[in-house]
Amino acid sequence: MSPRPANWRAPMHNVLVTGGSRGIGLAIGKRLVGAGYNVIAAARRESDELKAAIGVSEGRLHFRACDLAAIDAIPAFAKLVRDEFGPTYGLVNNAGLGTEGLLATMHNSQIEALVQLNVLSPIILTKYVARQMMADGAGRIINISSIIATTGYNGLSVYGATKAAATGFTRSLAREVGKLGITVNAIAPGFIDTELTHNLSDDGRKRIASRSALRRLPETDDVARMVEYLLGEGGRNVTGTVFTIDAGNTA
Ligand SMILES: NC(=O)c1ccc[n+]([C@@H]2O[C@H](COP(=O)([O-])OP(=O)(O)OC[C@H]3O[C@@H](n4cnc5c(N)ncnc54)[C@H](OP(=O)(O)O)[C@@H]3O)[C@@H](O)[C@H]2O)c1
């Protein structure tokens, strides 16, 4: 984590990051801690990487276990976070599955799991956290979508459907809660090296990079920087929109 400037002052805002134990979610948590936020990282298991980040966070990064696929447990989890940490200023719906498969041969259980974790869980979690934000009169919600929401990719039809749901949810919810001082935005990353994408071959990676305007792939911290922007002063009049971070893959 980068050293803080002498005039650094803690914003004292809580941000709940789902899927904060590795990959993009962990990068978001680390960056937000560096920016002075108090971050609650939710996932099923605390990874070694997250443990190490918590160790150097001066008490600003916390892990709370939650299986977000267990929909009925979500209201109690939202309450637990509020009871323990106080008002939630930011919610980053990042946890997700990236299961690939041709629709014709995909098991129904895989389809259901994708829709459950990528669509139903963030919607229900947002419902309970947004209620708290409404009472507080402020809040920032960020949904992690994907460029696959708008581009086609062989073997990702179900995943693509769930990521398109995230942007549809974002736009209408922004309309609904804007008058209460809450912003809602989505980020659509291109291919980023994480556990979710470990199946892609080196050749596949190179192909994607060579087809991108910047001839490279975006990184987890690029998404984290956009989250920081949306949570900060710069994001106060930004809502209902989708930010593509793909090194120009879809340009
Ligand atoms: N990587 C990419 O190229 C890419 C591109 C566009 C969009 N995205 C999106 O970015 C988000 C993060 O992706 P990533 O690449 O960072 O994935 P990742 O490395 O696989 O991390 C997924 C995170 O979600 C958590 N998670 C999974 N199942 C969960 C459950 N049932 N309950 C609670 N947490 C759960 C995981 O922790 P546990 O397993 O311990 O629960 C982990 O923290 C996803 O929404 C993904 O669709 C990724």
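Structural data are supplied above this passage.
Residues numbered from 1 in each chain as written. Predicted model: local features only at pLDDT ≥ 70, side-chain atom pairs only at ≥ 80, totals over all residues. Heavy atoms only, no water.

Engineer: Explain the overall build of the chain to me, please; I cannot follow it from the model alone.
Structural biologist: When you go through the chain residue by residue, the secondary structure sums to seven helices and seven strands. Going from N to C terminus, the chain has its helices and strands arranged as β-α-β-α-β-α-β-α-β-α-β-α-α-β. In terms of overall dimensions, the chain is globule-like: its C-alpha atoms have a radius of gyration of 17 Å, near the 18 Å expected for 251 residues. C-alpha atoms of the chain, sized along the principal axes, occupy 50 × 40 × 35 Å. (Helix = DSSP H or I, 4+ residues; strand = E, 2+ residues; numbered from the N terminus. Rg over C-alpha atoms; globule rule 2.2 N^0.38 Å.)

Engineer: Got a minute to help me understand the nonpolar core in this structure?
Structural biologist: Grouped burial of nonpolar side chains is what soluble globular proteins tend to show. Counting 30 residues, the largest nonpolar core has Ile28, Leu32, Ile187, Val227 and Leu231 as the members making the most contacts within it. With residues up to four places along the chain from it excluded, the contact list for leucine 231 reads Val15, Leu32, Tyr37, Tyr89, Gly90, Arg140 and Ile142. (Core = buried A, V, L, I, M, F, W, Y, C linked by side-chain atoms within 4.5 Å. Buried < 20%, exposed > 50% of the residue type's maximum accessible area, 1.4 Å probe, protein only. Contact = heavy atoms within 4.5 Å.)

Engineer: Can you walk me through helix α7 (residues 220-231) in this structure?
Structural biologist: Working note: α-helix, 3.6 residues per turn, so residues spaced by three or four point in the same direction. Here α7 is 12 residues long and its end C-alpha atoms lie 17 Å apart, about the 16 Å a rise of 1.5 Å per residue gives. Against the buried residues of α7 lie β1 (14-18), α1 (23-34), β4 (88-93), β5 (139-144), β6 (182-189) and β7 (242-245). (Expected span 1.5 Å × (residues − 1).)

Engineer: Where do I start with the site of the ligand in this structure?
Structural biologist: The immediate surroundings of the ligand are formed by 30 residues, with Ser21, Asn94, Tyr159, Ile192 and Thr194 found nearest. Contact between the ligand and arginine 22: an oxygen atom at 3.2 Å from a side-chain N or O atom of the residue. In the model, a nitrogen atom of the ligand is placed 2.9 Å from a nitrogen or oxygen of the leucine 68 main chain. Protein contacts shield 97% of the accessible area of the ligand, which totals 880 Å² for the unbound molecule. At the level of elements, α1 and α5 (157-177) are the ones that each hand at least two residues to the shell around the ligand. Here the residues of the shell around the ligand sort into 13 nonpolar, 11 polar and six charged. (Near = heavy atom within 4 Å. Polar contact = N/O pair within 3.5 Å; in protein donor to acceptor, adjacent residues only side chain to side chain. Areas by Shrake-Rupley, 256 points an atom, 1.4 Å probe, with all protein chains shown as cover. Nonpolar A, V, L, I, M, F, W, Y, C, P; charged D, E, K, R; others polar.)

Engineer: Sorry if this is basic, but what is going on with the packing of helix α4 (residues 108-136) against α5 here?
Structural biologist: To describe two helices that pack against each other, one gives the angle between their axes and the distance between the axes. Where α4 meets α5, the axes come as close as 9 Å, and the angle between the chain directions of the two elements is 15 degrees. One finds that α4 runs roughly parallel with respect to α5. Remark: the crossing between α4 and α5 carries right-handed chirality. For the pair α4 and α5, contact is made by Ile111, Leu114, Val115, Asn118, Val119, Pro122, Ile123, Thr126 and Met134 and by Val158, Tyr159, Thr162, Lys163, Ala165, Phe169, Leu173 and Val177, respectively. Class assignment for the residues of the contact of α4 with α5 results in 13 nonpolar, three polar and one charged. (Axes fitted to C-alpha atoms, helices over the stretch in contact; angles between N-to-C directions. Parallel < 35°, antiparallel > 145°, perpendicular 65-115°, else oblique. Left-handed = near helix turned anticlockwise from the far one by under 90°.)

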